[in-house]
Amino acid sequence: MKFKKICSVFLLSALILTGCSKPSNDESANKESNNNVKVVSATVAATQVLDKLDATLVGIPTTKSELPEKYKNLPEVGQAMNPDLEIVASLEPDVFIVDSIFKENVEKSMKEYNLDTFYFETGTYTKFLKSIENLGNKINKQDEAEKLIKELKGVEESVVEKSKKQDKKPRVAILFGGGNNFMLATKSSYLGDLVKTVGAENIADNLTDSVDSDYIQFSLEQIIKENPDYILRFAHGNIEETKKAFDDSFDKNPAWDTLSAVKNGKVIDLDSSIFNVSANIHVKDSINKLGDILYGDK
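Residues numbered from 1 in each chain as written. Predicted model: local features only at pLDDT ≥ 70, side-chain atom pairs only at ≥ 80, totals over all residues. Heavy atoms only, no water.

Novice: I'd love a proper account of the pairing of strand β11 (residues 230-235), names of residues and values included.
Specialist: Across the six residues of β11, six count as buried, placing the element largely inside the fold. Side chains Tyr230, Leu232 and Phe234 project from β11 onto one buried face, and the interleaved Ile231, Arg233 and Ala235 project onto a second face that is buried too. Judged from the six bridges that link them, strand β7 (residues 171-178) and β11 form a sheet pairing that is parallel. By the bridge assignment for β11, Val172 is matched with Tyr230. In this sheet, strand β12 (residues 267-269) lies alongside β11 in parallel orientation, the contact comprising three bridges. Note on β12: the bridge partner recorded for Leu232 is Ile268. (Buried < 20%, exposed > 50% of the residue type's maximum accessible area, 1.4 Å probe, protein only. Helix = DSSP H or I, 4+ residues; strand = E, 2+ residues; numbered from the N terminus. Pairing = 2+ DSSP bridges.)

Encoded structure:
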């Protein structure tokens, strides 16, 4: 009788321990399941980031741009500005990612298809970093997002250290061109935000009080008055046509020759394979290159 009682106690103890351990296993399973969020991306920049976050993609944007190898054979959902929402919905994603620049175009349709949509920010480097953090939270990849942000910030901090060795901030004009039309990039633009990030002064800040305009019209007289140390030229659209237009303008108007940047050979054409009008995963190359241009090995 006593033996039976002891056995009963051990049996009860075993059941209690088993009962306590089971929720722990359930929690682990739930955690694993939560980390397996199914994502469809309609933006190249977000797809590059999702690769770094080791996310589970089930659909990718239709694009000529290079995408991570492991995603290349996935179903295509159309271009960023006009994704095929029927295809997107058929893939049954937990989260659908669209570039925030197209939010007004697609927001209504997202609600009609009942898609949980994340709008990815690429307008500036600063917004890009914040969007990576928010995306990590959205798809349960917080640790991976934190690691990526730390990597990008490390590159930024390395270049900023170079800037601190300068006697003064380099003064920069960012000429943004498409065909024969040139504008100045402000701090609200991606390129302008990069210049600010690496510790340089953008002369466009002295020419406008507007914080909403990414690009502003200018006169050559204004450029001459500001006399920048560097002129960064960025050709967009038809690259070769715009580069020729830049060269023709500088060659035909001797007023450009009065600028310190021209006299000192500090007119730089930004490489379109590194620089862009919006942020992407290659931003660290852009920051490093700006550091080389503005600070060299100092």
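Novice: I'd like a description of the packing of aromatic side chains, backed by residues and values.
Specialist: Taken as a whole, this structure holds six aromatic pairs when the rule is applied. Aromatic side chains Phe120 and Phe128 sit 5.8 Å apart centroid to centroid with 85° between the ring planes, which places their arrangement in the edge-to-face category. As far as burial versus exposure is concerned, Phe120 and Phe128 are alike and both buried. Aromatic pair Phe176 and Tyr215: ring centres 4.2 Å apart, planes at 25°, arrangement stacked. Highlighted residues: Phe176 in strand β7 and Tyr215 in strand β10 (residues 215-216), separated in sequence by 39 residues. By the ring-pair criterion, three or more aromatic residues cluster together here, those being Phe118, Phe120 and Phe128. Directly above the aromatic system of Phe250 lies the positively charged group of Arg233, at a separation of 4.9 Å from the ring centroid. (Phe/Tyr/Trp six-rings, centres within 6.5 Å; stacked < 30°, edge-to-face > 60°. Lys NZ or Arg CZ within 6 Å of the ring centre and 35° of its normal.)

Novice: Talk me through the packing of helix α6 (residues 142-163) against helix α11 (residues 283-295); I want residue IDs and the actual numbers.
Specialist: What describes two packed helices is the angle between their axes and the distance between those same axes. Interhelical geometry of α6 versus α11 gives an angle of 5° and a closest axis separation of 9 Å. By the angle between their directions, the pair α6 and α11 is classed as roughly parallel. On α11, the residues that touch Glu151, Leu152, Val155, Glu156, Val159, Lys162 and Ser163 of α6 are Val283, Lys284, Ile287, Asn288, Gly291, Asp292 and Tyr295. In the contact of α6 with α11, the residues fall into six nonpolar, three polar and five charged. (Axes fitted to C-alpha atoms, helices over the stretch in contact; angles between N-to-C directions. Parallel < 35°, antiparallel > 145°, perpendicular 65-115°, else oblique. Contact = heavy atoms within 4.5 Å. Nonpolar A, V, L, I, M, F, W, Y, C, P; charged D, E, K, R; others polar.)

Novice: Quick rundown of the pairing of strand β2 (residues 56-59)? Include the residues and the values.
Specialist: Bridge count between strand β1 (residues 38-41) and β2: three bridges; the pairing is parallel. When the bridges of β2 are listed, Lys38 appears paired with Thr56. Once the chain exits β1 it traverses helix α2 (residues 44-52) before rejoining the sheet at β2, and the crossover so formed is right-handed. (Right-handed = clockwise from strand over helix to strand, strands pointing away.)

Novice: Please provide a residue-by-residue account of the sheet that holds strand β5 (residues 95-99), values included.
Specialist: An order of β2-β1-β5-β6 is seen for the four strands of this open sheet, with the pairing classed as parallel. Every other strand in the sheet has two partners, leaving β2 and β6 (117-120) as the edge strands with one partner each. The average angle at which neighbouring strand axes cross in this sheet is 35°, direction not considered. Sheet topology note: the β5/β6 ladder contains four bridges and is parallel.

Novice: A description of unusual backbone geometry should follow, citing residues and the corresponding values.
Specialist: At Asn114, a residue that is not glycine, the phi angle is positive and equals roughly 55°. Mapped onto the secondary structure, Asn114 falls in the loop between α4 (103-112) and β6. Among the residues examined, Asn114 registers a relative accessible area of 69% and is labelled exposed. The phi dihedral of Asn140 is positive, around 60°, even though this residue is not glycine. Along the chain, Asn140 falls in the loop between α5 (125-138) and α6.

Novice: Which residues make up the side chain of Ser189, and what values do they have?
Specialist: Tracing the chain through its elements places Ser189 in the loop between β8 (181-185) and α7 (190-197). Polar contacts involving the side chain of Ser189 include one to the main-chain amide nitrogen of Gly192, which spans 3.0 Å. In contact with Ser189, not counting residues within four places along its chain, are Gly123, Thr124, Asp214 and Tyr215. (Polar contact = N/O pair within 3.5 Å; in protein donor to acceptor, adjacent residues only side chain to side chain.)

Novice: I'd like a description of the nonpolar core, backed by residues and values.
Specialist: Residues Val49, Leu50, Ile97, Phe120, Ile132, Leu135 and Ile139 are the most contacted members of the largest nonpolar core, which totals 52 residues. Discounting residues that sit within four places of it in the chain, Ile97 has contacts with Val39, Val40, Ser41, Ala42, Thr43, Ala46, Leu50, Phe118, Phe120 and Leu135. Formed by 17 residues, the second largest nonpolar core is a distinct cluster that contains Ala173, Leu184, Ile203 and Phe250. (Core = buried A, V, L, I, M, F, W, Y, C linked by side-chain atoms within 4.5 Å.)

Novice: Provide a residue-level description of the environment of Asn105, including the pertinent values.
Specialist: With respect to the element layout, Asn105 can be found in helix α4. For Asn105 and Met81, which are 24 residues apart along the polypeptide, the C-alpha to C-alpha distance reads 7.6 Å.

Novice: Hey, could you go over the side chain of Thr186 for me, with residue numbers and the actual values?
Specialist: Its location among the elements puts Thr186 in the loop between β8 and α7. Overall, the relative accessible area of 2% leaves Thr186 in the buried class. Side-chain polar atoms of Thr186 contact the backbone oxygen of Ser213, separated by 2.5 Å. Dropping the residues within four chain positions of it, Thr186 is found in contact with Gly192, Asp193, Asn202, Ala204, Thr208, Ser213, Asp214, Tyr215 and Ile216.

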